[in-house]
Amino acid sequence: MCQSIIQKVFITLLLLCSLAAYAQGQTSVTGTVMEGDQPLIGATVMVLGTGSGTVTDLNGAFLLANVDPTDSLSISYTGYRTEVFGLAGQTNFTVQLVPDATDIDEIVVIGYQTVRRSDLTGATSVVKAEEINKTVSNSLAESLQGLTSGVTVRNGGAPGEGSVIEIRGAASFVNTNPLYVIDGMIADANVTFNNNDIESVQILKDASAAAIYGSRAANGVIIITTKSGRKGPIKPSFSITSGIQNIPNRWDLTDANGYAELQRTSFTNSGLPVPPSVGDDFDPTINTDWQEEILRTGNTLDANFSASGGSDALSFFASASHFRNKGVVIGRDFNRTALRINSTLNLGRITVGENLVVTDNNITRPLGSFDTGNPFFDMATMLPVIPVQGDRYISDTNPAGWGIGTVDAVSFSKNQVAVTDLLREKVNFLKLIGNAFVKVDLLKGLSYKFNVGIESSNDLAKGLRRFGVTQFNAAVRPSFVQDVRVDFGSLLQEHTLNFDRSAGNHNFSSVIGISDQQTSRNYTLASRSDIVESNGVPFDQINAATGESLAEGGITDDYRTIGFLGRINYNYAEKYYLTLTGRVDQDSRFSEDNRTGVFPSIAASWRISKENFFNVPWINDLKINASYGTLGIVTLGSWDWRGTINNNPRAVLGSIGVGSYQAGLVNPDLRWENRKSQNYGVQASLLDYRVTVSAAYYNILSEDALVTNLPIALYLGNLGGSPPVNAGSIRNTGLEFEAAYTQQAKRLKYNVAVNVTTINNTVESVGNQGEGIDYIQTGLTRSRVGESLGEWYLLQTDGIFQNQAEIDAHALEGNLIQPFARPGDIRYVDVDGDGQITDQDRTFTGESPWPTLQLGGQLGLAYDNFDLSAQFVGVFGNQLFNSVRRELDSYQNTNFRADVSPWTPQNTNTDDPRIGVATNDQGLVDNARFNSDRWLESGSYFRLRSLQVGYTLPRAPLARMNISSLRISLSAQNLFTLTKYSGLDPDVQGNGILERGVDAGNWPSSRIVSAGLNLGF
């Protein structure tokens, strides 16, 4: 696949060079954009009515090729008034911009086109690169948290770990991932992507904005434009940020003495002999703080070097970067090195360009297996009376003597120090993402563009398992070494025609095109048991092992998507707007009868502020809009609609015969998941554009959502689970609000912005689950028609039995509902009224893992050369399931919370039940029931996400050293969090879509304190 892609790219580049021969000389316009005597870097310069434009370089200079002497220019810059003027035959200009607060004329990328922000008809959020880069993060998704409305981000802190991102809720039972488009290439912006290369980010949230991407846009689209070159001398720049990180919170647990005391009480209460480990043989010198053993002070380093420049014909941007993250947990690290080159060549009517990045990414972590565990679960529950290593633990199966517990100090938690030694994995991702294009200006306002994109990844995971055990009573597994190689390739080819013209008050822009993308993925695995070591150092090569060999491989993905796309934008006098968008997609992941999908949308806007009857001096701009359309998403594998043949069955019919049969049922009628999206919004600019306000209401109905494991008749002889069916439906509704205020008062500049989001999620259909069953259920949640997705569905508790009389009163017709209960046990509600507590008593708690309100805020201050910025994020109204606390408060084979206060006849004012050993005590077993609302907690929090203080040195002394700018900064990330949640971090990723609020040892976000240096030449 990779070789085929390289060949196609080579042929494409030859075509580009051939087309360049047809270029014709055109008039070029140059100029400089200034504020006073200071150049404005990054100002937008557009040729009105054509859609072509550029931005100014580090000297405020710009170059426009192929410009008609009769054209007009529009020059805009965030915080400044837009200037519009005719060329009148001139070719060089110096333009002074006047400070203003509005950015409504900012140019926005909307997919195959660019428009002014003020002309948007769909729901599109614009996130500035400077806001994204104020946090140290593994991925773009992590950086977006709290920066715009409608976008939910749940982070994980592991090095090289991505974040969970949802745009306007979850409308699928399977997949909520948005589509990423990087410089026109449809590819994933995961942890392999360098945020410092970003020029701008646009988030397409409704059908009007996203329908141009059709079958892959239902979960929203994130468009990333990377930096480009500017005309002028080569301008190098360098930035470096270095910091330390740690976990802000730790569990407050008992030490060895506290554990021993509670353990003795537990056994005494149950009438059992005290174990020697906490009795006669108790050794106070063994006092292991497992959090201290597993956690460490991590560090981060983010270094970037870039250079840009160009001439009238050629411009370029090049960057080299290195990101390193030494994790806060031992044995976990991530580093990324990236090289990027973006260039554009103007040859008259023809423009040729490319954007290419190569990244080398490395993750070090324990090898995933049954013996790996979860460090944030195990460090809380592992016993303090167990040492990290000890001679008493040395055995044939545990030659290193790792502390794993004994029969009188039982723990089923993993020794995470042993895990990092015995299970090792190094993963390398070598990735190339890029595109090359040729644009031909056929006529004035009409251009053709051919774009070819590539994503290629060669991944190697080298795993090693040394001989030994990490857990008490664990199965003994042989040592082995393994290599897993994965090759991924994706080739995109697109042809588009863009038309952009104005006639009086009538303004038209449109695009039509065809897109063809082919994707494949294959893997090979090789392993061999019985590794060889020398002086305690294992050999990690397969041929160095001496045991049994295993090899396998296959093609996991191989599909093609062809799309026919189009959009028409029309406005009359920038007052009345209409946008029609559509895409027809064909995807090989469906059968021929269901392979084609149609995804249309319509949007309209009315700028009320331009009407003659509107005369409100303090409202500068007021516009309302509405949109409706259909989007799609594919949640299938490459061959889910095809049957799988088992060619190994044997039959004895006089002799042994070999046959074949279809082992599992398939659904050949699988089709797209569709989203019908409505959006109604209003945008306003007030007080001379110092205040901007926007609000939107959205209503998104998901239809034909994929549902798995629907019941089928047993006599059909199905193997491997029920086939998926397009039978589900989910509705998401909500409100979005954004407001920003910017002001400049002499030497002081300040701005503040806030965004608010509400999401109401309702299940509309789950398919035919059986008679009377209108839900999908997990061990903790139920997604029922009329309720939210993954609603908590648990046993309901009702306090603690204080005496035998209360136990006796908790009865039905004289029969005890909890016959094994004792005073101090948890009282459960008999919801179904059958006189006993069973799973049938689970009920909706009225609490949801979905927040009722999300908010984000940004603050910026600048006084002379000093600047300060802050980012806030808040999540309110959701409930989390604290699985770690459930284990701690079960009292069985675990450590204890330091503040635990078990019930006794003398200590009745407590929420903690009696303590004891659950052996032969059903009451204690019931107290720790997993599916109980006892473990629900408020997940609401308010966090100072980022705080940064900077100082920019005066320009005059720097100029003598040929330095154009120098800024130093100090930053603190996740400085404080206000929450009632008792776990380590309320920002929980969860356990999939249906159990999004489960904290089973979620990796918490780190607190990072860093210093930065930005240097420009």
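Residues numbered from 1 in each chain as written. Predicted model: local features only at pLDDT ≥ 70, side-chain atom pairs only at ≥ 80, totals over all residues. Heavy atoms only, no water.

J.: What am I meant to see in the domain arrangement of the protein here?
T.: Structurally, the protein comprises domain 1 (2-100) and domain 2 (114-232). Residue-level contacts link 8 residues of domain 1 with 5 residues of domain 2. Summing the contributions of domain 1 and of domain 2, the shared interface buries around 540 Å²; its carbon and sulfur component is 55%. The tally of links from domain 1 across to domain 2 stands at 0 residue pairs in polar contact (both at pLDDT 80 or more). (Domains from an automatic or database assignment. Contact = heavy atoms within 4.5 Å. Buried area = accessible area lost by both parts, 1.4 Å probe. Polar contact = N/O pair within 3.5 Å; in protein donor to acceptor, adjacent residues only side chain to side chain.)

J.: What exactly am I supposed to notice about the side chain of Ser-1010 here?
T.: With respect to the helices, strands and loops of the structure, Ser-1010 is situated in strand S57 (residues 1007-1016). Judged by its relative accessible area of 5%, Ser-1010 falls in the buried class. Non-local contacts of Ser-1010, meaning those with residues more than four positions away in its chain, are made with Val-136, Thr-241, Ser-242, Gly-243, Ser-969, Leu-970 and Ser-971. (Helix = DSSP H or I, 4+ residues; strand = E, 2+ residues; numbered from the N terminus. Buried < 20%, exposed > 50% of the residue type's maximum accessible area, 1.4 Å probe, protein only.)

J.: Would you take a moment to explain a nonpolar patch on the surface for this structure?
T.: Taken together, Ile-568, Leu-578, Leu-580, Ile-602 and Tyr-628 make up a surface patch of nonpolar side chains, about 410 Å² in accessible area. The topology assignment puts Leu-580 in strand S30 (residues 576-587). (Patch = residues over 30% accessible without salt bridge, like charges linked within 9 Å, V, L, I, M, F, W, Y side chains within 5 Å. Areas by Shrake-Rupley, 256 points an atom, 1.4 Å probe, with all protein chains shown as cover. Salt bridge = Lys/Arg side-chain N within 4 Å of Asp/Glu carboxyl O.)

J.: Please explain the environment of Leu-636 as it appears in this structure.
T.: Position of Leu-636 relative to the elements: it lies in the loop between strand S32 (619-633) and strand S33 (645-646). Accessibility expressed as a relative area gives 10% for Leu-636, which makes it buried. Beyond its immediate stretch of four places on either side in the chain, Leu-636 contacts Arg-589, Phe-590, Leu-670 and Leu-706.

J.: Even after reading the chapter, I still don't get the environment of Val-658, so can you show me in this structure?
T.: Along the chain, Val-658 falls in strand S35 (residues 655-658). Taking the relative accessible area as the measure of exposure, Val-658 reaches 60% and is therefore exposed. Along the backbone, Val-658 and Asn-647 are 11 residues apart, and their C-alpha atoms lie at a distance of 7.7 Å.

J.: Explain the pairing of strand S26 (residues 506-529) here, please?
T.: It is a general feature of regular strands that their side chains alternate between the two faces of the sheet. Across 24 bridges, the pairing between strand S25 (residues 480-503) and S26 is antiparallel. Note that in S26 the partner of Asn-498 across the bridge is Val-511. With antiparallel pairing between neighbouring strands as the criterion, S25 and S26 make up a hairpin whose turn holds 2 residues, including Gly-504 at a positive phi of roughly 65°. (Pairing = 2+ DSSP bridges.)

J.: Looking at this structure, how should I read the sheet that holds strand S6 (residues 72-77)?
T.: Strand pairing in a sheet relies on backbone hydrogen bonds, with the paired strands running either antiparallel or parallel. Here we have 4 strands laid out as an open sheet, ordered S4-S3-S6-S7, and antiparallel in their pairing. At either margin of the open sheet sits one strand with a lone partner, and together these are strand S4 (53-55) and strand S7 (80-86). Within the sheet, the average angular offset between the axes of one strand and its neighbour, ignoring direction, is 15°. (Axes fitted to C-alpha atoms, helices over the stretch in contact; angles between N-to-C directions.)

J.: Just checking my understanding: could you explain the pattern of salt bridges for this structure?
T.: Opposite charge on two side chains allows them to pair when their charged atoms are near. Counting across every chain of the model gives 46 salt bridges. With a shortest N-O distance of 3.1 Å, Glu-455 and Lys-431 are connected by a salt bridge. Placement of the pair is Glu-455 in strand S24 (residues 446-465) and Lys-431 in strand S23 (residues 423-443), with a sequence separation of 24 residues. On the accessibility criterion, Lys-431 (9% relative accessible area) is buried. For Arg-671, the salt bridge is made with Asp-704, and the minimal N-O distance between the two is 3.2 Å. Highlighted residues: Arg-671 in the loop between strand S36 (661-662) and strand S37 (673-686) and Asp-704 in strand S38 (residues 691-707), separated in sequence by 33 residues. Here the residues in one salt-bridge network are Arg-885, Asp-889, Arg-897, Asp-899, Asp-912 and Glu-937, joined through shared partners.

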